[in-house]
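Chain by chain, the residues run as shown.
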Amino acid sequence: MLSIGIDFGTSNSSVAVYDPAAGGSVRLLPLDPHAADARVMRSLLYISRDGEIVAGQRALDLYTEQNTGREVIMERRYIAELKMVFSDMTVVKDAYAMIDVNEPGRLFQSLKRFLAVTSFEKTTVFGTEYRLEELVATLARHMVRAAENALGQKVTTLVVGRPVSFSEEPDKDEVARTRLSEAWRLTGVEHVTFMEEPVAAAHHYAAEAGLAEDTRFLVFDFGGGTLDITVARADAAGIAVLATGGVPIGGDLLDSRIMESRIAPLFGRGARYLAQDLPVPAHIFARLRSWQTIVELNRPDRLEIIRDAVRLTDSPRQLAALESLVTRNRGLELFRAIERAKIALSTDEAAEVRLRADAIDIAEQLTRAEFEAAISVQVNEARQCVLDTVARAGCAASDIGLVITTGGSSLIPAFRQALRDALPRAELTAAGTFTSVAAGLALAGAGEG
Ligand SMILES: Nc1ncnc2c1ncn2[C@@H]1O[C@H](COP(=O)(O)OP(=O)(O)OP(=O)(O)O)[C@@H](O)[C@H]1O
Ligand SMILES: [Mg+2]
């Protein structure tokens, strides 16, 4: 029987199939015909005003085409009648909300990361309410359908990856796990089992490389949302997992760090009102940390603060750039420019964050050393997580002879150096950066690896 593994990632997703009959090979299935590599689909969902739902690269293209540069028009609209029942009376109130009436469609990115955000339960998209689990299930169903099309048969059994830890707070971690299971239950696939992502990558590597028995190795899987680690030992049957560990830091957070350390001042952080010598309220700039929170600045009260600050502070040019960023919906474009610079810094010593549009004129040079200074806390956390996991595995740092790195963020030199520092005897090998987890899940589902 075919064994199918799905890696639903914060940034990217992939599906692999292992066919014991076809010479015991594992292969990645085409998921997204619009992607540069059809086997790696961006974990994106776009819901347009007319109800069309698209996933992957096309979701990004449609969002960009329809939303970037458009004017955001917020209006107060009637949403529903709210009934509040108190002990001695019932109050009926009309509920209103600020709605972007010019919005052609809504983009959802990093949905997996929101599984641990307990305050995000549901969202209303053009009048239809979606629970977070339903949004994740929509993306999951898309992957299942793509797999069924590629295989020409129905998928009834799946192994799906999950991070070692969604959150450092146990109750949030529990909520995220329950929501992930519920999302997959909603897909209707009969048998779904979950496996920790780095354990899957360990299975894949062991099966491919044929490790000598008793080799102790560590998998460092660093993606868009989480860092996941396992320490394992190769044995006659495949691998024995000695420990797993993880922290909710990932590429999204590193992008935020670039924003906070270098880009936010270009949008007016630090500006002061001329008359009173007071700063512009910090809550405005706190929302620059992601493009999703930049969208929240489009409320009249917050826009008023920004527009006043254009007139009344010592940084009118920067605040005008912020007004454009917010009202012209260029947050995602800016974060894509930041991410591009971050990726370039994995191979180059310097890169530029560049965005020129409307009142925005940014060409900010960023060196690798500056990037490393901005993410030093995260690098230390990663190093500590490696050491803790090795200790919990009952190993000394010197017992680890091999580190397998996977996930896009594992290509960042500062984290590779931290691994070398923490595990001085280990050889570092990058394996299947965007595909090893899915491949390992498929192998594990067949009892191989
Ligand atoms: N060459 C590179 N250098 C640095 N970062 C990179 C590079 N390539 C990709 N990234 C980053 O890697 C992340 C995506 O990696 P990946 O696809 O492994 O994550 P994921 O599996 O979707 O996330 P997770 O496993 O955390 O849920 C993004 O944050 C992206 O910016
Ligand atoms: Mg991943």
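Structure: above.
Keep in mind it's a predicted model, so treat the numbers as computed, not measured. Counting from 1, residues in each chain are numbered in the order their sequence is written. Each chain takes a letter, starting from A, and each ligand takes a number, starting from 1, following the order in which they are written. In keeping with the predicted nature of the model, local features appear solely for residues at pLDDT of at least 70, side-chain atom pairs appear and are counted solely at 80 or more, and the whole-chain, interface and lining totals rest on all residues. Heavy atoms from the whole structure form the basis of all side-chain values; hydrogens and water molecules are not counted.

Some words on the packing of aromatic side chains
How two aromatic rings sit relative to each other is set out by the distance from centre to centre and by the angle between their planes.
No. 1: Think of it this way: a Phe, Tyr or Trp ring, Trp meaning its six-membered ring, pairs with another when their centres are within 6.5 Å, and the plane angle makes it stacked under 30 degrees, edge-to-face over 60, tilted otherwise. Here the structure, examined in full by the defined rule, presents 5 aromatic pairs.
No. 2: Plain terms: the ring middles of Tyr46 and Tyr63 are 6.3 Å apart, the flat faces sit at 85° to each other, and that makes the pair edge-to-face. Of the two residues, Tyr46 sits in strand 5 (residues 45-48) while Tyr63 sits in helix 1 (residues 57-67), which places them 17 residues apart along the sequence. For the pair formed by Tyr46 and Tyr63, the shared burial category is buried.
No. 3: Among the aromatic residues, those joined into a ring-pair cluster are Tyr46, Tyr63 and Trp291. A run of H or I in DSSP counts as a helix once it spans at least four residues, and a run of E counts as a strand once it spans at least two, with each numbered from the N terminus. In this scheme, a residue with accessible area under 20% of its type's maximum is buried, one over 50% is exposed, and one in between is partly exposed, where area comes from a 1.4 Å probe on protein chains only.

Quick look at the pairing of strand 3 (residues 25-28)
No. 1: Strand pairing is defined by DSSP finding a minimum of two bridges between the two strands. As defined by bridge partners, strand 2 (residues 12-19) adjoins strand 3 across 4 bridges and the pair is classed as antiparallel. Counterpart to Ala16 in the pairing with strand 3 is Leu28.
No. 2: A loop of 5 residues connects strand 2 with strand 3, the two strands running antiparallel in sequence, and Gly23 in this loop sits at a positive phi of about 70°.

Looking at the nonpolar core
No. 1: In plain words, nonpolar cores are sets of buried Ala, Val, Leu, Ile, Met, Phe, Trp, Tyr and Cys residues tied together by side-chain atoms within 4.5 Å. In this structure, Leu218, Phe220, Phe267, Leu288 and Leu322 are the most contacted members of the largest nonpolar core, which totals 74 residues.
No. 2: Considering every element that reaches this core, the biggest residue donor is helix 11 (residues 331-344), with 6 residues.
No. 3: What Phe267 contacts, discounting residues up to four positions off in sequence, is Phe285, Leu288, Gln318, Leu319, Ala321, Leu322, Leu325, Leu334, Ile360 and Ile362.
No. 4: In terms of nonpolar packing, the next biggest core, distinct from the first, is built from 39 residues, Ile4, Leu45, Phe108 and Leu180 among them. Residues are treated as being in contact if the distance between any of their heavy atoms lies within 4.5 Å.

Section: the site of ligand 1
No. 1: Thr10, Ser11, Asn12, Glu339 and Ser346 are the nearest of the 22 residues found near ligand 1.
No. 2: Here an oxygen atom of ligand 1 sits 2.7 Å away from a polar atom, N or O, in the side chain of Lys112.
No. 3: A distance of 2.5 Å is found between an oxygen atom of ligand 1 and a side-chain nitrogen or oxygen belonging to Glu339.
No. 4: All accessibility values rest on the Shrake-Rupley procedure with a 1.4 Å probe; residue burial counts only the protein chains present in the view. Protein burial of ligand 1: of its 660 Å² of free accessible surface, 93% is covered by the chains.
No. 5: Residue assignment for the shell around ligand 1 shows that the elements contributing at least two residues are helix 6 (251-263) and helix 11.
No. 6: The leading source of residues in the shell around ligand 1 is helix 11, at 3 residues.
No. 7: There are two domains that each give the shell around ligand 1 at least three residues, and those are domain 1 (211-250 + 377-430) and domain 2 (252-374). Nearness of a residue to a molecule or strand requires only that one of the residue's heavy atoms be within 4 Å of it. Pairs of N or O atoms are called polar contacts if they sit within 3.5 Å, as long as, within protein, a hydrogen donor faces a hydrogen acceptor (for residues adjacent in sequence, only side-chain-to-side-chain pairs). Note: domain ranges come from an automatic or database domain assignment.

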